[in-house]
Amino acid sequence: MNQLPVTRAGLKPSPLHFLPVFLLACDPAGAVHEEPSIPHAPAAAPDEHDLRLAQEDPAAGGLLCLLCILGGQQAVCGADNVTYVNECFAVCNDTSAVHTGPCSCGDGYAGPGEACDDGDSDDLDACTNACTVAVCGDGIVRAGVEACDDGNAIDDDACTNTCTAAACGDGIVRAGVEACDDGNQVDGDACTNACTLAVCGDGVVQAGVEACDDGDAETDDDCLPGCVAASCGDGFVWAGVEACDDGDQDDGDECLSTCAPASCGDGVVQVEVEACDDGNTRDDDACLSTCQPASCGDGFVQVGVEACDDGNTSDGDACPTTCEVAVCGDGFVLDGVEVCDDGDQDDGDECLSSCVAASCGDGVVHAGVEACDDGNLDDGDGCLSSCVANVCGDGFVHAEVEACDDGNQSEHDACRATCEAATCGDGVLWFGVEACDDGDQDDTDACTAGCIEAFCGDGLVWTGVEACDDGDDDETDECLSNCAPASCGDGHVQAGVEACDDGDDDETDACTSTCQPASCGDGHVQAGVETCDDGNQDDADACIGCEPASCGDGHVWAGVEACDDGNPHDYDACLPDCTAPGDRARQVAHGGNHGCALLTGGRVKCWGQGDLLGNGDGASRGSKPSDMGANLPFTELGGPALELSVGANHACARLAGGGVKCWGGRTGANFGQLGYGNTSNRGAAPNQMGAMLPFVDLGTGATATRISAGSMHTCAVLVGGAVKCWGRGEYGRLGSGSTANKGDQPGEMGDALLPVDLGAGQTAVDVDTGNTLTCALLTGGRVKCWGYGRDLGIGTTQNVGDGPGEMGDALPFVDLGAGAVAQALTVGGRHSCALLAGGKIKCWGDNYTGQLGLGDTQTRGDGPGEMGDALPFVDLGVGATAVAVEAGWESVCAVLADGRLKCWGQGSFGALGLGNGDDIGREPGQMGDALPAVSLGTGKVPVQVSIGEALYNSCVRFQDGSIKCWGEQYFGELGVGDNVYHGVQPGQMGDALPLVRLFSAVW
């Protein structure tokens, strides 16, 4: 609440100057009063200064009047007991401050005769309803001041004269409730804190009266009945403290004066129980620990009295019943120690003084029993161990008297009957030891000086019986083990004299009759070792090195072989059959635009489009007769070739040693398939071939075992079975996980070119490349293909090898059917074929022209359920089997086991060699026996076929090493000296089809 200070200069401060300001209102009469009425704190009455100020200054007087009224001044009953006069009347000088009316108790004004008047009906406050001041004893309980008020002066009832509730400890004994009340909290005086009189057994110890008080009547605790403290001798056993308490000081009964039970060892003899009690636990004094007197036999040694005491009555142990230690001579036999003990020192009776029974060997002669007794077991000293005197024949050798004594009279054992030892030379045969004894020292008679019967090998020559005797079994010295002198033919090799001796005259075994070892050139054929032996060193006859001359042994057999270079190679100057090689083809490879032949000696010739031939001039060859034969130059490679592969626009050769060289490559069609880190053509200009043509970098130490050139890429199988591919990467044909070209930029070949991932543990034995795909023949005869999806034979149209994670174990095998094992593999433009064990063929991939040979044009292997056992074999005819198969751009040819050649697929331009341009294999009924063999000419047996990948043409190599080609050509691709299609018209095949002339005008 805000305070309104009232000040005036010169005005004396008073309590009225700081009174609360209240909302004031005036009644019509002009009186000022409070509204609403609230209790007022008493204010001091106006003093003289205030009255004077009110009289002198009306304004100030009015303010003082107002402050007086607001200060809570009360009206009082006047002396007339009728009129009420306000205390502020003198200040206010206002009759409105005077009220009239009868004065009465409860009107709120203390009149005459009233001690107080609070104007209310509450009889429990400080002013009673009788207008008397409330006091203790008026019978009214004043709330908050009195606990009780019973209106009387009785102090021992429930309400004391101080108007407090009676309670134990207030010092006033409440009648009928308390026995006593001493007004304190001392529980040990005569009045307890429960206001009861103290007594023994109440659980409270009364000081000066009781020693203890545990509130019970038990006699076995620390406080006895009667409130006396328990103690030893009171006759009560204090539990946990005393073991007994018989209430007396007699230590001779069962309870000692210490309240402990009497026991043996307490030093007090318990009458009728103990014989003694010396108060210790020693068993070696006069009183045992059992309180019995010590005695001999009690098992305890009494010090100073007994030597021993084993507690028994046996006299046969170490302590007899005398309690003295047993000794020999005491007359008692000590078990286990003494044999006897007669108690005397006489050694002549049955018991010696050592307590040992008298016996033979004890050194004492037992009279009447022993003849002698020397006290030892020596039977050679004159007195036997049996106490009998030594004599010859008793079996004991008498030292210095007898040499021996075997106890018998035999003359033929080791001891004579005279007790002399038997010896060799005494003339008496010693059985079991001597074989003989002739009584002399002659070693040349039948009995040696060693009493051994003479025998061969004893080292002594027996006169008249042995020629020699060197005493050993060595058959290589001068005297044999049969005591005959060594000689050639005796079957024993005499060291230093004979080289061998087999004991016979057989000149065909390892040892001749002259005791010399058989050798090549001795003129005798050693059986099982030599096939021949003509006794000379001529390597040109029928016997060379004691082996029959044969082709391949490196020696030319005069009159039989033309040459013999000792190796199986057919590319050098001597063929494996030891005939002069002449000129013939070992392999033909055709890519469509050009063909190449691998010739004897590892040389290569190529014909067709000039920029692909590697002849250094870019000129095409084969369209004119003058192009071929001796005029057709060799393609120089810098070394002999072992294998050729020709693609659509390039060729590669695998050379002796496993290196690879590639050439060709047209401008705009070179994607790195040559593998030289660029896109340049090789071989169309001078100085690019031979030694100038580098090897393809296959990686550190890597060499190739197979090579394949496709339309735009190349692959090689390396030693160890890895495959590397380079060239155009489109469709994933390189199997590198991308479509990037490889080999057209520096740094892409060598170790940077990674092997194709064939899967865990998989290795390749062959690889073949086509136009859009690559296939590998794996160890074990399984096949994997990658590249253009529809052509792969794995049931998908998705390309494989052009993205990560598609190769390796993720690439499935081509399913050729249950148990199928591929022996050869060929890849064409967009199709592939496998030659299976047993000579059967299966083909898959694109089939637009019937090249799969299944009598329809349905592609195989690009959808589920088309491969495996569902893929038919190519029908070659009844009983027909194949030994070789080759796939070209859109056709296939197979060399049959019976020497025929059959082809099917695209027939345009005479590609199939059937005298027409018809496709074969796309319609039912065209295959099997209905498919004619290609007419190749009289006596021509095909062994290998090659089909172009750029044009529709084919070539075949015959058993005699010659070659024929047919089909499409424009630049002499067939090598027959013209540009005419061959095989498309009747009469063009067979003998009419000329050979490819590689060496002369004829051949």
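Here the structure is shown first, and the text comes after it.
Residues numbered from 1 in each chain as written. Predicted model: local features only at pLDDT ≥ 70, side-chain atom pairs only at ≥ 80, totals over all residues. Heavy atoms only, no water.

Colleague: Any details on the sheet that holds strand S24 (residues 841-845)? Residues and values, ideally.
Modeller: Spatially, the 3 strands line up as an open sheet ordered S22-S23-S24, and their pairing is antiparallel. Where the open sheet ends on each side, the last strands, each with one partner, are strand S22 (822-827) and S24. Adjacent strand axes in the sheet meet at a mean angle of 20 degrees, parallel and antiparallel pairs treated alike. Bridge analysis of S22 against strand S23 (residues 831-836) gives 5 bridges, and the strand direction is antiparallel. Bridge assignment links Ala822 to a residue of S23, and that residue is Leu836. (Pairing = 2+ DSSP bridges. Helix = DSSP H or I, 4+ residues; strand = E, 2+ residues; numbered from the N terminus. Axes fitted to C-alpha atoms, helices over the stretch in contact; angles between N-to-C directions.)

Colleague: For the state of the cysteines, give the residues involved together with the corresponding values.
Modeller: Enumeration according to the criterion identifies 35 disulfides in this entry. A disulfide bridge connects Cys168 with Cys195, and the sulfur atoms are separated by 1.8 Å. Since a negative S-S torsion denotes a left-handed disulfide, the Cys168-Cys195 link at about 105 degrees is right-handed. Of this pair, Cys168 sits in the loop between strand S5 (98-100) and strand S6 (223-224) while Cys195 sits in the loop between S5 and S6, placing them 27 residues apart in sequence. Here Cys168 falls in the partly exposed class, since its relative accessible area comes to 36%. (Disulfide = S-S within 2.5 Å. Buried < 20%, exposed > 50% of the residue type's maximum accessible area, 1.4 Å probe, protein only.)

Colleague: Got a sec to walk through the pairing of strand S30 (residues 963-967)? Specific residues and values, please.
Modeller: Side-chain positions along a regular strand alternate between the two faces of the sheet. Within S30, 5 of the 5 residues are buried, which leaves the element mostly enclosed by the surrounding structure. Neither face of S30 is exposed, since Ile963, Cys965 and Gly967 on one face and Lys964 and Trp966 on the opposite face are all buried. Linking two consecutive strands that pair antiparallel, namely strand S29 (residues 953-958) and S30, is a turn of 4 residues; a positive phi of about 90 degrees is found at Gly961 within it.

Colleague: Please give an account of the pairing of strand S25 (residues 882-887) that cites residues and values.
Modeller: Of all 6 residues in S25, 5 are buried; the element is thus mostly enclosed. Bridge count between S25 and strand S26 (residues 891-896): 5 bridges; the pairing is antiparallel. Pairing of Ala884 across the sheet is with Val895, part of S26. The hairpin turn running from S25 into S26, its antiparallel successor, is 3 residues long.

Colleague: Give me the lowdown on the side chain of Asp791, citing residues and values where you can.
Modeller: Within the secondary structure layout, Asp791 lies in the loop between strand S21 (783-787) and S22. Asp791 sits in the buried class, given a relative accessible area of 0%. A polar atom in the side chain of Asp791 sits 3.0 Å from the side chain of Thr772. Among residues more than four places away in sequence, those in contact with Asp791 are Thr772, Leu773, Arg830, Trp844, Gly845 and Asp846. (Polar contact = N/O pair within 3.5 Å; in protein donor to acceptor, adjacent residues only side chain to side chain. Contact = heavy atoms within 4.5 Å.)

Colleague: Quick rundown of the sheet that holds S26? Include the residues and the values.
Modeller: Across the sheet, which stays open at both edges, the 3 strands sit in the order S25-S26-S27 with antiparallel pairing between neighbours. Strands at the two margins of the open sheet, each flanked by one partner only, are S25 and strand S27 (901-905). For this sheet the average axis-to-axis angle between neighbouring strands, irrespective of direction, equals 15 degrees.

Colleague: Give me the packing of aromatic side chains: which residues, what numbers.
Modeller: Overall, the coordinates contain 4 aromatic pairs when judged by the stated rule. Plain terms: the ring middles of Phe909 and Tyr981 are 5.1 Å apart, the flat faces sit at 75 degrees to each other, and that makes the pair edge-to-face. Placement of Phe909 in the loop between S27 and strand S28 (942-947) and of Tyr981 in the segment after S30 is noted, with a sequence separation of 72 residues between them. Note on Phe909: relative accessible area 27%, which makes it partly exposed. Using a relative accessible area of 27% as the deciding quantity, one classes Tyr981 as partly exposed. A network of ring pairs unites the aromatic residues Phe909, Tyr952, Tyr970 and Tyr981 as a single cluster. Just above the ring of Phe813 sits the side chain of Arg782; from NZ or CZ to the centre is 3.7 Å. Lying across the ring of Phe873, Lys840 places its NZ or CZ 4.6 Å from the centre. (Phe/Tyr/Trp six-rings, centres within 6.5 Å; stacked < 30°, edge-to-face > 60°. Lys NZ or Arg CZ within 6 Å of the ring centre and 35° of its normal.)

Colleague: So, the environment of Gly913: which residues are in play, and what are the values?
Modeller: Of note, Gly913 is situated in the loop between S27 and S28. It is 10.0 Å that separates the C-alpha atoms of Gly913 and Cys955, two residues lying 42 residues apart in sequence. Residues in contact with Gly913, not counting those within four places in the same chain, are Val934, Trp966, Gly983 and Met989.

Colleague: So, the side chain of Asp405: which residues are in play, and what are the values?
Modeller: Here Asp405 shows up in the loop between strand S7 (228-229) and strand S8 (543-544). Put simply, Asp405 is tucked away with no salt bridge, and the nearest opposite charge, on Arg416, sits 13 Å away. Polar side-chain contacts of Asp405 include one of 2.7 Å to the backbone nitrogen of Gly393. Looking at Asp405, its side chain comes within polar contact range of the main-chain nitrogen of Gly407, at 3.2 Å. (Lys, Arg positive; Asp, Glu negative; His and termini not counted. Salt bridge = Lys/Arg side-chain N within 4 Å of Asp/Glu carboxyl O.)

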